[in-house]
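If you want the building blocks of each chain, they are given just below.
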Amino acid sequence: MPVLGAVGERFAAAPGLAGLRIAACLHLTAETAVFARVLRAGGARVALCAANPLSTQDEVVAALLAEGEVEVSAARGEPRAAYAAHLARLASSAPQVMIDDGAELIVCAHEQGATAGLIGAVENTSPGLVRLRAMAADGALRCAILAVNEALTERIFNDRYGTGQSTLDGVLRATNILLAGRTVVVLGYGFAGRGVARRAQGAGAVVVVCEVDPLRALEARMDGFAVMPALAAAALGDVFITVSGAPSVLRGEHFELMRDRAVLANAGHFDVEIDLPALAAAAVDPPREVLPLVDEYVLADGRRLHLLAKGRVVNLAAAAGHPAEVMDTSFALQALAVEHLARAGGSLEAGVHPLAVELDREVARLKLASLGIEIDELDERQQRYVRSFR
Ligand code: ADE
């Protein structure tokens with residue numbers, strides 16, 4: 001992770017985060033551990049809990065605990081109550097900066113009235129930002145949020161290429177099916193959906209996109225995909241991948257039409273996109289685990305639907321999440337966002353703020369340098385031209 005490493009070297013040389021109390025609710029992977037070490041190198045005190053009990057890598061937690069440099073409370077597959085207790089404890093531990101994947105920690109701190117000493121928070125997911133903007137509109141948001149997820153490097157690396165590749169990795173690791181020649185239905189055509197659709201197409205699948213936004217739907221069509229309502233796609237798909245951020249995009253009426261052995265996977269942050277109660281209600285028996293992380297639901301007419309990773313985010317639950325190259329830029333950006341908050345020292349207004357484009361550019365510059373890629377610069381005459389209006 002050379003980009004994060006470069007930020008870490010700068011932090012270690014001049015620990016600008018000295019004494020800063022950071023609470024982070026993230027997927028507990030090896031890459032997250034590297035990020036936590038970089039924050040420590042900047043002088044911060046770091047406490048971690050899991051953004052999803054199924055994404056926790058226990059060996060990473062054990063390594064961090066053995067090192068004793070950061071506080072960690074998480075275990076893979078922990079029951080919801082234990083997961084919620086860890087979240088609640090972290091939210092009430094008087095952090096000055098929060099780092100969140102899904103806004104769970106930030107919302108929990110607000111519910112507990114524990115926001116007094118909070119300088120600000122960093123949110124890394126688009127559903128998390130939807131929640132926080134809803135709180136801001138209600139006048140309930142009490143701190144500044146930096147919208148890291150909306151930075152361009154995030155959209156490129158994290159959403160398009162990271163989610164694009166690792167989602168298919170999760171589907172393939174769980175099922176070992178051949179994608180070539182199969183019909184893959186992608187529900188949602190944001191940056192992540194675009195990545196999933198493109199990777200599936202590259203693997204030889206026939207790709208159908210379902211999207212509620214007319215601009216995105218049009219883009220999907222112009223990108224070469226079939227576009228149709230989910231009800232029409234339901235009868236065609238061999239593999240369904242939800243990546244929309246909305247609840248119940250696959251529900252009873254769709255299950256009724258699906259082919260025998262259709263595979264259902266969710267790549268959205270929350271496990272709400274496939275209507276799990278409706279799936280259970282449509283089945284004649286409780287599901288049977290036919291392969292690790294593949295639950296088979298048998299419907300009344302004998303058709304079998306295969307749900308992956310219990311509808312949880314499939315790239316992390318059935319695979320290892322984004323590759324390190326992706327988390328490299330993502331965590332470098334988050335580290336710069338934390339530094340920005342620390343420097344602002346609570347002067348940013350409560351509300352959701354875009355991340356300064358200079359930070360995004362800095363990450364892109366470091367990434368290009370790590371790849372050994374040089375680019376041109378405009379000379380003075382060119383700069384004058386593009387800045388003037390005549
Ligand atoms: N989110 C997606 N992939 C991840 C990874 N490898 N580590 C941390 N968070 C992630």
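In what follows, the accompanying structure is described. All figures in this text were calculated on a predicted structure; none of them were measured in a lab.

When helices and strands are counted, the chain shows 16 helices and 15 strands. What you see for the chain is a C-alpha radius of gyration of 22 Å, in line with the 21 Å of a compact globule of 390 residues. Once the C-alpha set of the chain is aligned to its principal axes, its extents read approximately 65 × 60 × 40 Å. In the chain, which comprises 390 residues, the share counted as buried stands at 51%. Sequence separation of at least 24 residues holds for 66% of the intrachain contacts in the chain that already meet a minimum separation of 6.

What follows is about the sheet that holds strand 13 (residues 294–298). Here we have 8 strands laid out as an open sheet, ordered 9-8-7-10-11-14-13-12, and mixed in their pairing. Edge positions in the open sheet fall to strand 9 (226–227) and strand 12 (288–291), since each of these has one partner strand only. Across 4 bridges, the pairing between strand 7 (residues 183–187) and strand 10 (residues 239–242) is parallel. Note on strand 10: the bridge partner recorded for Leu 187 is Thr 242. Contacts from helix 7 (residues 152–175) reach strand 10, strand 11 (262–266), strand 12, strand 13 and strand 14 (304–308), with the element oriented near 140° to strand 10.

Another aspect to go through is the packing of aromatic side chains. Using the criterion set out here, one finds 2 aromatic pairs in the structure. Arranged with centres 4.5 Å apart and planes meeting at 10°, the rings of Phe 35 and Phe 331 form a pair that is stacked. Of this pair, Phe 35 sits in helix 2 (residues 30–41) while Phe 331 is found in helix 14 (residues 324–344), placing the two residues 296 residues apart along the sequence. Across the pair, exposure class does not vary: Phe 35 and Phe 331 are buried alike. Relative to Phe 225, the ring of Tyr 189 has its centre 6.0 Å away and its plane inclined at 70°; by these criteria the two rings are edge-to-face. With Tyr 189 in the loop between strand 7 and helix 8 (191–202) and Phe 225 in the loop between helix 9 (214–222) and strand 9, the pair connects residues that are 36 residues apart, well separated along the chain. Note on Tyr 189: relative accessible area 1%, which makes it buried. A cation over a ring is seen here: Arg 194 above Phe 191, with NZ or CZ 4.6 Å from the ring centre.

This part covers the site of the ligand. Around the ligand, the neighbouring residues are His 27, Thr 29, Glu 31, Thr 32, Leu 316, Ala 320, Gly 321, His 322, Met 327 and Phe 331. One of the side-chain nitrogen or oxygen atoms of Thr 29 is found 2.6 Å away from a nitrogen atom of the ligand. Between His 322 and the ligand, the recorded distance is 2.7 Å, taken from a backbone N or O atom to a nitrogen atom. Protein coverage of the free-state accessible area of the ligand, which is 260 Å², stands at 94%.

Locating Thr 153 in the fold gives a position in helix 7. Sequence-distant contacts of Thr 153, defined by excluding residues within four places in its chain, comprise Asn 158, Leu 333, Asp 360, Val 363 and Ala 364.

This brings us to the pairing of strand 14. Counting buried positions over the 5 residues of strand 14 gives 4, a clear majority of the element. Note: strand 11 against strand 14, 3 bridges, orientation parallel. The partner of Val 263 across the bridge, within strand 14, is His 306. Pairing between strand 13 and strand 14: 5 bridges, direction antiparallel.

There is a patch of nonpolar side chains on the surface, built from Leu 371, Ile 373 and Ile 375 and spanning about 310 Å² of accessible area. Inspection of the secondary structure assignment puts Ile 373 in the loop between helix 15 (357–370) and helix 16 (380–387). The class of Ile 373 is partly exposed, set by a relative accessible area of 42%.

Conventions we followed
For every chain, the first residue of the written sequence is number 1, and numbering continues from 1 along that sequence. The predicted nature of this model means local features are confined to residues of pLDDT at least 70 and side-chain atom pairs, given and counted, to a pLDDT of 80 or more, with totals for whole chains, interfaces and linings taken over all residues. No hydrogens and no water enter the side-chain calculation; it runs on all heavy atoms of the structure. Helix numbering and strand numbering both begin at the N terminus, where a helix is a DSSP run of H or I of at least 4 residues and a strand a DSSP run of E of at least 2. Within these notes, the globule rule equals 2.2 Å times the number of residues to the 0.38 power, and the radius of gyration is based on C-alpha atoms. Residue burial is assigned from relative accessible area. The probe radius is 1.4 Å, only protein chains are included, and a residue is buried under 20% of its type maximum, exposed over 50%, and partly exposed in between. Residue contacts follow a heavy-atom distance rule, with two residues in contact if any of their heavy atoms lie within 4.5 Å. What makes two strands pair is DSSP finding at least two bridges between them. Lines are fitted to the C-alpha atoms to define the axes, a helix being fitted only along its stretch in contact, and any angle between axes, read from their N-to-C directions, falls within 0 to 180 degrees. Think of it this way: a Phe, Tyr or Trp ring, Trp meaning its six-membered ring, pairs with another when their centres are within 6.5 Å, and the plane angle makes it stacked under 30 degrees, edge-to-face over 60, tilted otherwise. Geometrically, a charge over a ring is one whose NZ (Lys) or CZ (Arg) sits within 6 Å of the ring centre while staying within 35 degrees of the ring normal. Proximity is defined per residue: if any heavy atom of the residue lies within 4 Å of a molecule or strand, that residue is considered near it. Residues adjacent in sequence count toward polar contacts only when both atoms are side-chain atoms; beyond that, a polar contact is any pair of N or O atoms within 3.5 Å, and within protein one must be able to donate a hydrogen and the other to accept it. Accessible surface is estimated by sampling points in the Shrake-Rupley manner with a 1.4 Å probe; for residues, cover comes only from the protein chains shown. Patches in this entry comprise residues that are over 30% relatively accessible and not in a salt bridge; like charges within 9 Å are linked, as are nonpolar side chains (Val, Leu, Ile, Met, Phe, Trp, Tyr) within 5 Å. In what follows, salt bridge is the name for a side-chain nitrogen of Lys or Arg lying within 4 Å of a carboxyl oxygen of Asp or Glu.

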